Amino acid sequence: MKKKFIGSGLVILLILGISPAIWGQETNIEAVFTQIHERLSRSDFTGALDLFNTLPPEHAQSAQVRIMQATILNAAGRPAEARQIANAIISSDRNNTEALMILADACAIENKERERRQHLERVIAINANHVRALNDLANINLGNQNLRFAATYFDRALAAEPDNGEALIGRATVYRYNRDSRNAERLLNRAITVYPDWGRPLQERARLYRISGFYNDAVRDFSAALRLEPDNYWILVDYGQTLMELNRKPEALEQFNRAIRIGPEIFMAYVYSAAIKDEMGDYAGAENDYVILARLKPDYYFAHEALGVLRMRDQRWALARDAFLDAYRHAPREFNYAILASLNWMRAGRQADPRQFLAQVMRTAPRDSLDYAMIRLLHDLSGDNSVVNSVESERNNFTKSRMLYYLASYYSIRGNNNLAVRYYLMVEELDAVGLLEWRLNDMELARRGIGVRNQR
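Some remarks on the overall build of the protein
Of regular secondary structure, the protein possesses 27 helices and zero strands. Computed over C-alpha atoms, the radius of gyration of the protein comes to 29 Å, more than 25% over the 23 Å expected from 2.2 N^0.38 for 456 residues, which places it beyond the range of a compact globule. In terms of overall dimensions, the protein has C-alpha extents of about 95 × 45 × 40 Å along its principal axes. A burial count over the protein gives 49% of its 456 residues as buried. The contacts in the protein between residues at least 6 apart in sequence include a share of 48% that link residues at least 24 apart. Just so you have it, the protein exposes about 22300 Å², and 47% of that area is on carbon and sulfur atoms. With 58 positive and 56 negative side-chain charges, the protein shows a spacing of 4 Å between the two charge centroids.

Below, the structure written as structure tokens:
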């Protein structure tokens, strides 16, 4: 079921209508297509495309060869060139469905969903049983959570080709979203039987089992899928997530590390590997993963947040400030990042250093909020009594915990250790576990050797 651009040299020659009688020509056409196939198997798209220039002109300009060339151009991330070839073919053969599919694929690469959908709908208007176009339309609707339309297209694909693997898995996914586990499992069982050497049906059934709470069955299927496809990044990530849910974190970390070795430029595995390392106390390893994650996906502001926490742990105040500033830039409505950046800024230098930054933040914070009051306090370095009164009368424990932590930090920076300790201990009493500031508070209590947990 894995997509292949071409088959053996002989098969391609027959598809293209090239007679074996001409194989003895100076340019061995069969050998050219064999070389193209070899280069594609190594993902050497440039090398494969260069070989088209060695074909005799009468064969290089045939529609089928140009379709193949355009397909490879799309795979190489060169959709504009693929589109140029497809449009040239359509100009003389407006109902060429394969050329239309090239255009649809080019649109997918360029995130032009509306135009892609138009090309696909034109394909099925010409050929109502074009299975790949039906599957692509189904997957577009599935991605948009239009489950009814997705089901309709998958059903049409299965009516045309009952054992089509993509359609079986896609329809099973719709059943899963509709909480019809029985029918989802039925189709996935069928896909596993029809395609015993393909890992994806096992992966999808494992996902179904995991969501349904059958973790041991999920582990069995993920293990089987990995035996078939040991270098499949997404199976490894899914398997690792399942092991995390079973609290088998060292094993989960092993799967995420394998995924990272396979796809070092894909961000997802770093999210989990960093979290596990952090929890297990491997702070240097966690920081390394979060640095890479922040580079690969800068808008994932939780990576910047985590870096800020790790750097506060060993009092690298300037680096912690920078991390929280990065988090705030990517999440400008999360004022806690601005406050934490400012507190670390004060610790790294002079107390008035973040004043200009805080003045900018105040322009966007709601004036009737505790966030604004705290930002104003850090800006003015005065007026703490009114802020204290507002915080102590706050009824939401999570909001109160956040603000008490900021007050404790403020008083610590200002040299009032007694008030700082008082508010650090008040945060502990509220027990707002899971809150970023609660974790920072817990770190500070441990550093000072105070609090309930540090007296045991």
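Thoughts on the layout of surface pockets
A probe as big as a water molecule, rolled over the atoms, marks out the empty space that is left. One number sums up the size of the second largest pocket: a volume of about 460 Å³. Contributing to the lining of the second largest pocket are 21 residues, with D278, Y290, E305, G434 and R439 lying nearest its centre. Taken together, the elements giving at least two residues each to the lining of the second largest pocket come down to α17 (268–279), α19 (301–313) and α27 (436–448). Looking at the lining of the second largest pocket element by element, the count peaks at five residues for α17. Its residues placed into classes, the lining of the second largest pocket shows 13 nonpolar, two polar and six charged.

As for the nonpolar core
In this structure, I36, F52 and L55 are the most contacted members of the largest nonpolar core, which totals 58 residues. With 54 residues, the next largest nonpolar core counts L343, M403, Y423 and L435 among its residues.

Digging into the pattern of salt bridges
One pass over the structure, following the stated rule, counts 36 salt bridges. Among the salt bridges present, the one from R200 reaches E166, with a minimum N-O distance of 2.9 Å. Residue R200 is found in helix α13 (residues 199–211), and its partner E166 is found in helix α11 (residues 165–177); the two are separated by 34 residues along the sequence. Where E204 meets R176, a salt bridge forms, and the shortest distance between an N and an O atom there is 3.9 Å. Linking E204 in helix α13 with R176 in helix α11, this pair joins segments that are 28 residues apart in sequence. Where salt bridges share partners, they join E166, R176, R200, E204, R207 and D238 into one cluster.

Focus on the packing of aromatic side chains
Under the definition given, this model contains 14 aromatic pairs. With 5.9 Å between their ring centres and 20° between their planes, Y411 and Y423 make a pair best called stacked. Residue Y411 is found in helix α25 (residues 397–413), and its partner Y423 is found in helix α26 (residues 417–430); the two are separated by 12 residues along the sequence. Residues Y411 and Y423 agree in their burial class; the two are buried.

A look at the environment of L378
Residue position: L378 is located in helix α23 (residues 370–380). Residues L378 and L343, 35 residues apart in the sequence, show an inter-C-alpha distance of 8.0 Å. If we skip the residues at most four places from it in the chain, L378 touches I339, S342, L343, M346, L358 and Y410.

Let's talk about helix α9 (residues 131–143)
Between its terminal C-alpha atoms α9 stretches 18 Å, which fits the 18 Å expected from 13 residues at 1.5 Å a residue. Most of α9 sits out of view: 10 of its 13 residues are buried. Looking at the buried side of α9, the elements it contacts are α7 (97–109), α8 (113–126), α10 (147–160) and α11. Note on α9: the residue one or two positions beyond its end, Q145, has a positive phi of about 65°.

Thoughts on the environment of S412
One can find S412 in helix α25. Taking the C-alpha atoms as reference points, S412 and R347, separated by 65 residues in sequence, lie 9.6 Å from one another. In this structure the side chain of S412 is engaged in a polar contact, spanning 3.3 Å, whose partner is the side chain of R448.

Structural notes on α25
Spanning 17 residues, α25 covers 24 Å between terminal C-alpha atoms, matching the ideal 24 Å at 1.5 Å per step. Counted residue by residue, α25 has 13 buried out of 17 residues, so it is predominantly covered. Backbone nitrogen of F398 and a side-chain oxygen of the N-cap are separated by 2.9 Å at the start of α25; the cap is N396. Within two residues after α25, G415 carries a phi angle of roughly 90°, on the positive side.

Some words on the packing of α26 against α27
Closest axis-to-axis distance for the α26/α27 pair is 10 Å, and the angle between their directions is 125°. Compared by their axis directions, α26 and α27 come out oblique. With respect to the hand of their crossing, α26 and α27 are arranged in left-handed fashion. Of the residues in α27, those in contact with N417, A420, V421, Y424, L425, V427 and E428 of α26 are W438, N441, E444, L445 and R448. Taken together, the residues that form the contact of α26 with α27 break down as seven nonpolar, two polar and three charged.

Points about the packing of helix α21 (residues 335–348) against α27
Where α21 contacts α27, the two axes come as close as 12 Å, and the packing angle between them is 25°. Comparing the axis directions of α21 and α27 gives the class roughly parallel. Only L436, E437 and L440 of α27 make contact with α21, whose side of the interface consists of N336, Y337 and L340. Tallied by class, residues from the contact of α21 with α27 come to four nonpolar, one polar and one charged.

Focus: unusual backbone geometry
You will see that R179, though not glycine, has its phi angle at about 60°, which is positive. Looking at the secondary structure, you find R179 in the loop between α11 and α12 (181–194). For R179, a relative accessible area of 76% puts it in the exposed group. We note that D431 has phi near 55°; this positive angle belongs to a residue other than glycine. Mapped onto the elements of the fold, D431 is located in the loop between α26 and α27.

What counts as what
Residues numbered from 1 in each chain as written. Predicted model: local features only at pLDDT ≥ 70, side-chain atom pairs only at ≥ 80, totals over all residues. Heavy atoms only, no water. Helix = DSSP H or I, 4+ residues; strand = E, 2+ residues; numbered from the N terminus. Rg over C-alpha atoms; globule rule 2.2 N^0.38 Å. Buried < 20%, exposed > 50% of the residue type's maximum accessible area, 1.4 Å probe, protein only. Contact = heavy atoms within 4.5 Å. Areas by Shrake-Rupley, 256 points an atom, 1.4 Å probe, with all protein chains shown as cover. Lys, Arg positive; Asp, Glu negative; His and termini not counted. Charge placed at Lys NZ, Arg CZ, Asp CG, Glu CD. 1 Å grid on protein atoms, 1.4 Å probe; cavity = no way out; pocket = protein on both sides within 12 Å on 5 of 7 lines; lining within 4 Å. Points joined across faces, edges and corners; volume = space filled by probe spheres on them. Nonpolar A, V, L, I, M, F, W, Y, C, P; charged D, E, K, R; others polar. Core = buried A, V, L, I, M, F, W, Y, C linked by side-chain atoms within 4.5 Å. Salt bridge = Lys/Arg side-chain N within 4 Å of Asp/Glu carboxyl O. Phe/Tyr/Trp six-rings, centres within 6.5 Å; stacked < 30°, edge-to-face > 60°. Expected span 1.5 Å × (residues − 1). Polar contact = N/O pair within 3.5 Å; in protein donor to acceptor, adjacent residues only side chain to side chain. Axes fitted to C-alpha atoms, helices over the stretch in contact; angles between N-to-C directions. Parallel < 35°, antiparallel > 145°, perpendicular 65-115°, else oblique. Left-handed = near helix turned anticlockwise from the far one by under 90°.

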